[in-house]
Amino acid sequence: MIRIVCAQLSALKRSSSLVFERYYSSGSTSHSSMDDDILSLVKSIVPPLTSKKHKGQDGRIGIIGGCQDYTGAPYFAAISALKVGADLSHVFCTKDAATVIKSYSPELIVHPVLDSPNAVEEIEKWLPRLHGLVVGPGLGREDFLLKTAKEVIEKSKTRDIPIVIDADGLWLVTQHPSVIHGYQKGILTPNFMEFTRLYEALHHEPMDSSDHQRSVLQLSVAMGNLTVVLKGEQDLITDGSKVISCSVEGSGRRCGGQGDLLSGSMGVLAHWAHAASAAGVVRSVNPSVVAAFGACSLTRQCNSQAFQRHGRSTTTSDMIQEIGSAFKKLFES
Ligand SMILES: NC(=O)C1=CN([C@@H]2O[C@H](COP(=O)(O)OP(=O)(O)OC[C@H]3O[C@@H](n4cnc5c(N)ncnc54)[C@H](O)[C@@H]3O)[C@@H](O)[C@H]2O)[C@@H](O)CC1
Ligand SMILES: Nc1ncnc2c1ncn2[C@@H]1O[C@H](COP(=O)(O)OP(=O)(O)OP(=O)(O)O)[C@@H](O)[C@H]1O
């Protein structure tokens with residue numbers, strides 16, 4: 001039995017490495033073939049479901065966000081992490097947001113600590129138990145909350161935890177780029193507006209909006225080769241060496257919250273990708289890029305499937321309903 005598992009692992013390592021060699025040496029590979037190559041890598045990081053595991057082994061994810069104005073965003077991110085396959089999903093939010101978020105779902109563990117005077121200590125206690133962190137969905141922009149988020153990011157880096165930064169977390173990075181600069185397990189997921197703010201803060205000049213590929217590459221390099229995902233008609237993903245695009249077909253519908261689905265899923269996939277890399281399953285490849293591509297594909301597939309059912313009335317909740325079948329179609333077939 002052990003020998004069979006080892007043989008499977010070696011075969012997986014060989015195929016992942018072959019796929020990646022092809023991907024990096026393929027300056028002119030067509031999009032669909034490149035997409036297939038990276039999708040194979042995503043498939044290789046998905047942990048098998050077996051009866052031998054205990055609760056928690058496939059991921060305990062924390063979301064830093066949720067305040068008086070925004071309770072939907074952290075919920076969308078946290079429930080998406082669970083539905084992608086994390087075993088436990090925690091939300092660290094303000095006191096007044098907590099009861100609201102709990103009322104959306106009994107599946108989430110909700111900590112009303114973000115605006116408490118000792119917020120950082122309260123959250124730090126949980127860090128040893130977390131495999132991935134998503135900072136920003138519904139965080140708001142109050143100074144105290146941003147300061148707490150900054151300190152939590154710093155503590156999480158010392159623990160080597162993968163960190164996805166989205167939404168108001170990117171507002172923080174715009175003001176303090178050094179908070180995540182050069183952290184190889186960090187991923188930024190800006191929409192166009194957030195990207196423009198970040199770019200201009202780092203480069204001190206207006207962005208050339210005619211060449212997004214160049215701009216995203218430049219931003220990643222300026223951030224110390226951090227993985228950056230510029231969301232849009234095509235999602236552009238780079239760690240500063242090469243830009244890959246995810247153009248899995250979505251729909252014309254853009255509903256608020258689908259970025260939260262993206263960042264929550266990415267939190268889990270980042271954990272899986274880094275675990276697979278540490279186990280030697282993914283080699284010569286930046287695990288953050290693999291995770292980013294997986295989450296973008298999944299979000300777009302959910303959007304497409306939800307749109308087929310609901311058309312113009314599609315909401316993020318409808319997309320979340322599609323996570324199971326979209327995941328199976330993309331990564332388990
Ligand atoms: N139900 C909820 O609780 C939701 C809360 N959200 C939270 O709301 C907060 C603010 O997020 P915002 O995204 O509004 O941030 P901003 O306040 O920075 O607004 C960005 C603006 O840019 C616009 N925009 C986005 N993409 C664009 C593009 N390609 N070209 C031109 N304009 C574009 C958007 O419509 C938005 O008005 C965050 O904390 C976020 O997480 C959102 O996640 C949406 C859902
Ligand atoms: N024009 C588009 N065409 C196809 N898919 C898109 C388009 N724009 C965004 N998406 C998809 O939606 C995902 C979320 O991007 P979006 O721009 O909605 O994020 P956001 O504004 O941060 O979301 P939120 O409302 O959660 O704050 C992207 O990763 C992408 O997969």
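Residues numbered from 1 in each chain as written. Chains lettered and ligands numbered in written order. Predicted model: local features only at pLDDT ≥ 70, side-chain atom pairs only at ≥ 80, totals over all residues. Heavy atoms only, no water.

Engineer: Could you clarify how one ought to interpret the site of ligand 2 in this entry?
Structural biologist: Around ligand 2, a shell composed of 13 residues is seen, among which Lys231, Asp235, Gly257, Gln258 and Arg300 lie nearest. At 2.8 Å, a side-chain N or O of Gln258 approaches an oxygen atom of ligand 2. Between ligand 2 and Asp260, the relevant distance is 3.2 Å, taken from an oxygen atom to a main-chain nitrogen or oxygen of the residue. When ligand 2 sits alone it has 630 Å² of accessible area, and the protein chains cover 80% of it. Ranked by residues supplied to the shell around ligand 2, first place goes to helix α10 (residues 258–278) with 4 residues. Taken together, the residues of the shell around ligand 2 sort by class into 1 nonpolar, 6 polar and 6 charged. (Near = heavy atom within 4 Å. Polar contact = N/O pair within 3.5 Å; in protein donor to acceptor, adjacent residues only side chain to side chain. Areas by Shrake-Rupley, 256 points an atom, 1.4 Å probe, with all protein chains shown as cover. Helix = DSSP H or I, 4+ residues; strand = E, 2+ residues; numbered from the N terminus. Nonpolar A, V, L, I, M, F, W, Y, C, P; charged D, E, K, R; others polar.)

Engineer: Looking at this structure, how should I read the site of ligand 1?
Structural biologist: Surveying the vicinity of ligand 1 reveals 19 residues, the closest of which are Gly138, Asp168, Met193, Arg197 and Asp260. Asp168 is positioned such that a nitrogen or oxygen atom in its side chain is 2.4 Å from an oxygen atom of ligand 1. When the free accessible area of ligand 1 is taken as 860 Å², the share hidden by the protein chains comes to 56%. Elements with a minimum of two residues in the shell around ligand 1: α3 (72–84), α7 (167–175) and α8 (192–203). Here the residues of the shell around ligand 1 are counted per class, giving 8 nonpolar, 7 polar and 4 charged.

Engineer: So what exactly am I meant to see when it comes to the sheet that holds strand β8 (residues 235–238) here?
Structural biologist: Within a sheet, adjacent strands bond to each other through the backbone by hydrogen bonds, running parallel or antiparallel. On the basis of which strands lie adjacent, the open sheet formed by 9 strands has the order β3-β2-β1-β4-β5-β6-β7-β8-β9 and mixed pairing. Each having just a single partner strand, β3 (109–112) and β9 (243–246) make up the two edges of the open sheet. When strand polarity is set aside, the average angle formed by the axes of neighbouring strands in this sheet is 20 degrees. Across 3 bridges, strand β5 (residues 163–165) lies against strand β6 (residues 186–188) in parallel orientation. The partner of Val164 across the bridge, within β6, is Ile187. (Pairing = 2+ DSSP bridges. Axes fitted to C-alpha atoms, helices over the stretch in contact; angles between N-to-C directions.)

Engineer: What's the story with the packing of helix α11 (residues 287–310) against helix α13 (residues 323–331) in this structure? I'm lost.
Structural biologist: Helix-helix packing is described using two parameters, namely the angle between the two axes and the distance between the axes. At a minimum axis distance of 9 Å, the contact between α11 and α13 shows a crossing angle of 125 degrees. Taken together, the axes of α11 and α13 lie oblique to each other. By crossing handedness, the relation of α11 to α13 is classed as right-handed. Counted together, Gly294, Ser297, Leu298, Gln301, Cys302 and Gln305 of α11 and Ile323, Ser325, Ala326, Phe327, Lys329, Leu330 and Phe331 of α13 form the full contact between these two elements. Across the contact of α11 with α13, the residue classes tally to 7 nonpolar, 5 polar and 1 charged. (Parallel < 35°, antiparallel > 145°, perpendicular 65-115°, else oblique. Left-handed = near helix turned anticlockwise from the far one by under 90°. Contact = heavy atoms within 4.5 Å.)

Engineer: Looking at this structure, how should I read the packing of aromatic side chains?
Structural biologist: Note on aromatic pairs: each is described by the distance of the centres and the angle between the planes. For the structure on display, the rule yields 5 aromatic pairs. When the ring of Tyr75 is compared with that of Phe76, the centres are 5.8 Å apart and the planes differ by 55 degrees; the resulting orientation is tilted. The same class applies to Tyr75 and to Phe76, which are both buried. Each ring, one from Tyr75 and one from Tyr104, has its centre 5.3 Å from the other, and the planes form 70 degrees; the classification is edge-to-face. With Tyr75 in helix α3 and Tyr104 in helix α4 (residues 95–104), this pair connects stretches of sequence that are 29 residues apart. Looking at Tyr75, the relative accessible area reads 17%, which means it is buried. By relative accessible area, Tyr104 is classed as partly exposed at 39%. (Phe/Tyr/Trp six-rings, centres within 6.5 Å; stacked < 30°, edge-to-face > 60°. Buried < 20%, exposed > 50% of the residue type's maximum accessible area, 1.4 Å probe, protein only.)

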